[in-house]
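Working through the structure, step by step
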Amino acid sequence: MSYPYKHTTLVLILLVGSAAFFSIQVFQNLVFAEYQRSPTKPVNSRYFFGNNQDSGSRKELWEMLIKYRQNKTKSRRLPKIIGIGVEKCGTHALLHFLRPHPLIRVTDPTETHFFDEQPDASVQDYLLKLPELEEDIFLMEKTPAYFNFRPSSIPANIKRMVPDAKLLLVLCNPVDRVLSDFYQEWIMFNITHPGKGQFRYKSVDQYVYDYLPRVQQAIGDFDQKNSVLQEDRVFDLMGKDYLTHIITTGFYALHLQRWFKYFNETNLMVVDSEAMLQDPGSVIEEVQEFLKLPKVLLKEDYVKEEDSGYFCYKNWKDENKLDCLPSAKRRTRNGNKSLPPDVTSKLQELFQSHNEALFKMLGRKFEWK
Ligand SMILES: Nc1ncnc2c1ncn2[C@@H]1O[C@H](COP(=O)(O)OS(=O)(=O)O)[C@@H](OP(=O)(O)O)[C@H]1O
């Protein structure tokens, strides 16, 4: 039996198909044009190119961004991204993973220490520390000391001098942070700067047993009504004895309340360190969204290096060469070192009320063991 409208149907299918094809072309051209006008608009390349994103399509977008950048005049510009901490929570990993983005440039050195070391300096002084770069480039600096070191005016000064900056704050389990910071200080005192003084603690448990009672007595549980006073006491402790910061840096809520007077979730993003350890690609995709940057760094660009257990950036532009973190940023989190169980539970107890206050402040919970 033959179908009488065979030819008409074929013509219809061809017409509908061509219309769909041309509409997609027009749509893509429009998005490209929009991109060229303002490449910093948040366009999800996965949405644009579809899920089957081959390196060709990403390559096009990447090259377009580089071309866009090249046509701009250079001058000294303030950072658009400031990593404010937390020390030993993966602040360098975040910078390392974002750095390949064609619209991101990182200061040299990465830690300018401008706001903690020159609190009375001007915007002009800050600009003199920064490189010349093209308009629309996202300059990034990160100085973990900003989050919890003196002066307490750091958030206010950043807001006043760099009002458009987006801040990135990496938070990690404060107990794991103690272990990581202890080894950092141990190496600083004994290996990097041996003349600085003798670091008398041979093991982290010795250190915790000595410092924890003093910190516990001076600060105690998080106390909403006296939290500003409590933070002042933290600063005093650190001023008198620098090594207390290994523990007190973990009182995140006490410090964060000061930042929240000047910043909110539109200009301060909290990055989960645990998530970045397990699946950095997804975190980096979210960070690009927050920064309103074209999403050209993708989940699949981050792969675990089997030997070290840490993630690296897979450089698709250089035969997929792995760009991994330096060894100084990979000491304790791969399970090489751990805290004795009794030390862990003492620290958990110390941080418990502070963590709860933090979760309330953020409206978000972290599964910190
Ligand atoms: N992918 C990923 N995600 C989250 N965290 C990671 C990641 N990779 C490394 N690391 C950990 O980063 C720890 C160093 O933290 P920082 O870079 O903030 O240190 S510093 O304050 O700049 O000295 C460092 O701590 P240690 O393991 O104690 O060296 C690393 O474990």
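Please refer to the structure placed before this passage.
Values in this document were obtained by computation on a predicted structure and should not be read as measured data.

The next thing to look at is the overall build of the chain. A count of helices and strands for the chain gives 16 helices and 10 strands. Here the chain holds 369 residues, and the buried ones make up 49% of them. Put simply, 75% of the contacts in the chain that link residues at least 6 apart link residues at least 24 apart. Within the structure as shown, the chain displays about 18,800 Å² of accessible surface, and the carbon and sulfur contribution to it stands at 52%.

The full set close to the ligand counts 24 residues, and T91, S180, R331, T332 and R333 are the nearest of them. In the model, an oxygen atom of the ligand is placed 3.0 Å from a nitrogen or oxygen of the G90 main chain. Within the contact set of the ligand, an oxygen atom lies 2.6 Å away from a side-chain nitrogen or oxygen of T91. Relative to its unbound accessible area of 640 Å², the ligand is 98% covered by the protein chains. Mapped by element, the contributors of at least two residues to the shell around the ligand are α4 (91–98) and α14 (273–278). Element by element, the count of residues in the shell around the ligand is highest for α4, at 4 residues. Here the shell around the ligand is composed, by residue class, of 10 nonpolar, 6 polar and 8 charged.

Another aspect to go through is unusual backbone geometry. Across the junction of D108 and P109, the peptide omega takes the value 0°, indicating a cis bond. Tracing the backbone shows P109 in the loop between β3 (104–106) and α5 (114–117). The omega torsion of the bond from R150 to P151 falls at 5°, within 30 degrees of zero and hence cis. Following the sequence through the fold, P151 ends up in the loop between α7 (145–148) and α8 (154–161). The phi dihedral of H113 falls on the positive side, at around 55°, and the residue is not glycine. The phi dihedral of D136 is positive, around 75°, even though this residue is not glycine. Its place among the elements puts D136 in the loop between β4 (132–134) and β5 (138–142). The class of D136 is buried, set by a relative accessible area of 17%.

For strand β7 (residues 268–272), the tally of buried residues reaches 5 of 5 residues, placing the bulk of the element in the interior. Where burial is concerned, the two faces of β7 agree: the one with L268, V270 and D272 and the one with M269 and V271 are both buried. Relative to β7, strand β6 (residues 166–171) runs parallel, the two sharing 5 bridges. For L171, the partnering residue across the bridge sits in β7 and is D272.

All right, on to the packing of aromatic side chains then. For any pair of aromatic rings, the description consists of the separation of the ring centres together with the inter-plane angle of the planes. Scanning the entire structure with this criterion turns up 19 aromatic pairs. Judged by centre distance (6.1 Å) and plane angle (45°), the rings of F182 and Y207 are tilted. Of the two residues, F182 is situated in helix α9 (residues 174–192) and Y207 in helix α10 (residues 204–218); the sequence distance between them amounts to 25 residues. By relative accessible area, which is 0% here, Y207 ends up buried. Judged by centre distance (4.8 Å) and plane angle (5°), the ring pair of F366 and W368 falls under stacked. W368 matches F366 in its accessibility class, with the two residues each being buried.

Here is what the cut-offs are and how they apply
- Residues numbered from 1 in each chain as written.
- Predicted model: local features only at pLDDT ≥ 70, side-chain atom pairs only at ≥ 80, totals over all residues.
- Heavy atoms only, no water.
- Helix = DSSP H or I, 4+ residues; strand = E, 2+ residues; numbered from the N terminus.
- Buried < 20%, exposed > 50% of the residue type's maximum accessible area, 1.4 Å probe, protein only.
- Contact = heavy atoms within 4.5 Å.
- Areas by Shrake-Rupley, 256 points an atom, 1.4 Å probe, with all protein chains shown as cover.
- Near = heavy atom within 4 Å.
- Polar contact = N/O pair within 3.5 Å; in protein donor to acceptor, adjacent residues only side chain to side chain.
- Nonpolar A, V, L, I, M, F, W, Y, C, P; charged D, E, K, R; others polar.
- Pairing = 2+ DSSP bridges.
- Phe/Tyr/Trp six-rings, centres within 6.5 Å; stacked < 30°, edge-to-face > 60°.

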